[in-house]
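Read off the chains here:
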Amino acid sequence: MATSTTTTGTTRRDLAAEVAYLTRALKAPSLRESVARLAERARSDGWTHEEFLVACLQREVAAREAHGGEGRIRAARFPARKSLEEFDFDHARGLKRDTITHLGTLDFAVAKENVVFLGPPGTGKTHLAIGLGIRACQAGHRVAFATAAQWVNLLADAHAAGHLQAELARLGRYPLLVVDEVGYIPFEAEAANLFFQLVSARYERASLLVTSNKPFGRWGEVFGDDVVAAAMIDRLVHHATVVATKGTQAHIGGRSGLVGGATCWRLVVGGLVERDAKVDVDLSAGDADVRSPGR
């Protein structure tokens, strides 16, 4: 920073040194680096004192938010760094860019709703989950990322130590948890119960972002119990956006095992269905049956 001095009576002040000291005391390094440029611009543009002060504070706040975002990204433990902007929609058959753009506004996290990506391997589910998670970190939300198996292991350790509820309460302070790879490894009964408790604990309190290579109709296989799977799906998809990648259909309606029509969620097969569409959940089926109210 250029040296700046001023003389008042017989006292000569080194303003640059004072700014350096004060910004160190405030732990505001960005302000220290930018104050000289802002002061020069204030003089040339005729800013008021208040305008100069606001500009200085805005610069420091922006720097802290950017730094905080990086810290939240590191703390989230994403397996890789991927952005929504890097996603290749040309290889995501049937997936509309507007759908992901809408999710990127993070309205779902503010509303404490869920997002579920369903589709076969290699269709970009994890990329989208990471991209949304990073976007949430940059927006000031705390995020934690792990595979379904890793989440179950974490909860199993907490259960064995006798503080499962405390762990669920701790995780409840994260506005967004990302659960990757549901369905790659089948769960034993105890693991399925722990995962169900995680979903239930966050129901209408905080958001889950889930990816799975299995349609809902096969989640009974994953969790070893159709009843547990049905109850879990019911809580997960109420107030949720379900995105089917590569044209995959999440057909969940029609026969035995029917869970009463889950409402207020949006099934996406390349686009959005009206918010109050009804979806019947049938664990014996393999795709999705979406019916608007009254149909």
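If you're wondering where the values come from, they're calculated on a predicted model, not measured in any experiment.

Caption draft 1: Examining the side chain of K125 more closely. Locating K125 in the fold gives a position in helix 6 (residues 125-138). For K125, which is buried and forms no salt bridge, the nearest opposite charge comes from D180, at a distance of 7.0 Å. Filtering out sequence-adjacent residues up to four positions away, K125 remains in contact with F117, L118, G119, P120, Y184, T211, S212, N213 and T245.

Caption draft 2: Examining the packing of aromatic side chains more closely. This model, assessed by the stated rule, comprises seven aromatic pairs. Here F195 and F223 contribute two aromatic rings whose centre-to-centre distance is 5.5 Å and whose plane-to-plane angle is 25 degrees, an arrangement assigned as stacked. Highlighted residues: F195 in helix 9 (residues 189-202) and F223 in helix 10 (residues 219-223), separated in sequence by 28 residues. Owing to a relative accessible area of 3%, F195 belongs among the buried residues under this scheme.

Caption draft 3: How the structure looks around empty space enclosed by the protein. A complete count under the given rule lists two cavities of 30 Å³ or more for this structure. Around the largest cavity, the lining residues are K112, E113, N114, Y203, E204, R235, H238 and H239. A per-class count over the lining of the largest cavity returns one nonpolar, three polar and four charged. N114, V199, R202, Y203, A206, L208, R235 and L236 together form the lining of the second largest cavity. Per-class residue counts for the lining of the second largest cavity are five nonpolar, one polar and two charged.

Conventions and cut-offs
Residues numbered from 1 in each chain as written. Predicted model: local features only at pLDDT ≥ 70, side-chain atom pairs only at ≥ 80, totals over all residues. Heavy atoms only, no water. Helix = DSSP H or I, 4+ residues; strand = E, 2+ residues; numbered from the N terminus. Buried < 20%, exposed > 50% of the residue type's maximum accessible area, 1.4 Å probe, protein only. Lys, Arg positive; Asp, Glu negative; His and termini not counted. Salt bridge = Lys/Arg side-chain N within 4 Å of Asp/Glu carboxyl O. Contact = heavy atoms within 4.5 Å. Phe/Tyr/Trp six-rings, centres within 6.5 Å; stacked < 30°, edge-to-face > 60°. 1 Å grid on protein atoms, 1.4 Å probe; cavity = no way out; pocket = protein on both sides within 12 Å on 5 of 7 lines; lining within 4 Å. Points joined across faces, edges and corners; volume = space filled by probe spheres on them. Nonpolar A, V, L, I, M, F, W, Y, C, P; charged D, E, K, R; others polar.

The values reported here are purely geometric and, on their own, carry no functional implication.
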